[in-house]
Amino acid sequence: GYTVIPTGIDLEPYRAADGDKIRAEMGWEGDWGVISTGRLSVDKNWSVLIKAFAQVAEQYPNSRLVILGGGMEKDNLEELAANLGVGQQVQLLGFVPYDQVPGYLKAADIFSFSSVIETQGLVTMEALAAGLPVVAVNASGTRDIVSHGQQGLLVEEDPQALAQGICRLRQDEGLFRAMSQAALARAQDFEM
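All of these numbers come straight from a predicted model, not from anything done at the bench.

Asker: Explain the overall build of the chain to me, please; I cannot follow it from the model alone.
Answerer: Check the secondary structure of the chain and you find nine helices and six strands. Computed over the C-alpha atoms, the radius of gyration of the chain is 15 Å, within 12% of the 16 Å expected from 2.2 N^0.38 for a compact globule of 192 residues. The dimensions of the chain, computed from C-alpha atoms along their principal axes, are 45 × 35 × 35 Å. The buried share of the chain, taken over its 192 residues, is 54%. Contacts in the chain between residues at least 24 apart in sequence constitute 73% of all its contacts with a sequence separation of at least 6. Counting 14 positive and 25 negative side-chain charges, the chain places the averaged centre of each group 2 Å from the other.

Asker: Explain the pairing of strand 5 (residues 134–137) to me, please; I cannot follow it from the model alone.
Answerer: Two strands pair when backbone bridges link them, and strand 4 (residues 110–113) and strand 5 are joined in this way by three bridges, in the parallel orientation. Residue pairing in the sheet places Phe-111 in a bridge with Val-134 of strand 5. As defined by bridge partners, strand 5 adjoins strand 6 (residues 152–155) across four bridges and the pair is classed as parallel. The residue bridging Val-134 from the neighbouring strand is Gly-152, located in strand 6.

Calculation notes
- Residues numbered from 1 in each chain as written.
- Predicted model: local features only at pLDDT ≥ 70, side-chain atom pairs only at ≥ 80, totals over all residues.
- Heavy atoms only, no water.
- Helix = DSSP H or I, 4+ residues; strand = E, 2+ residues; numbered from the N terminus.
- Rg over C-alpha atoms; globule rule 2.2 N^0.38 Å.
- Buried < 20%, exposed > 50% of the residue type's maximum accessible area, 1.4 Å probe, protein only.
- Contact = heavy atoms within 4.5 Å.
- Lys, Arg positive; Asp, Glu negative; His and termini not counted.
- Charge placed at Lys NZ, Arg CZ, Asp CG, Glu CD.
- Pairing = 2+ DSSP bridges.

Below, the structure written as structure tokens:
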């Protein structure tokens with residue numbers, strides 16, 4: 001068999017990044033933040049994440065979803081969020097310079113995404129480096145990085161399943177903390 005050695009990441013920027021500063025600048029204090037990163041293209045399945053978030057926000061109104069990345073789907077996704085009644089809580093920030101990404105990740109609470117075509121799992125590694133538990137669709141690239149029940153939850157490709165995973169971490173402070181610690185520990189494996 002083959003062993004895939006993922007591209008390493010430099011953990012230093014994640015140790016140095018100040019998530020609280022970004023939270024204050026963006027006005028996110030007191031909110032529970034779900035974040036995701038990636039190109040805004042149809043094949044990345046963003047609509048599943050936004051539909052899932054709408055279910056989360058129904059239960060937890062002080063939640064927000066922040067997506068970093070530019071792309072063709074931006075207007076459609078903003079329209080979808082508005083139609084689902086979460087237009088104010090979903091922020092598509094567009095392209096964010098790479099050196100600023102660690103701060104944005106650390107300003108959030110969990111990382112979630114619904115793409116099934118991640119081969120590298122690089123965005124997932126970055127989330128772990130920021131100490132974020134991951135709630136994602138169970139796909140090959142993600143499975144290589146995250147063990148279900150350890151650094152996060154891997155769910156079926158369905159808005160309701162994703163929403164339930166996110167809510168589970170929102171409800172269970174002990175589980176959330178344990179997964180955050182496990183995320184940081186797992187990130188050490190990817191140190192360049």
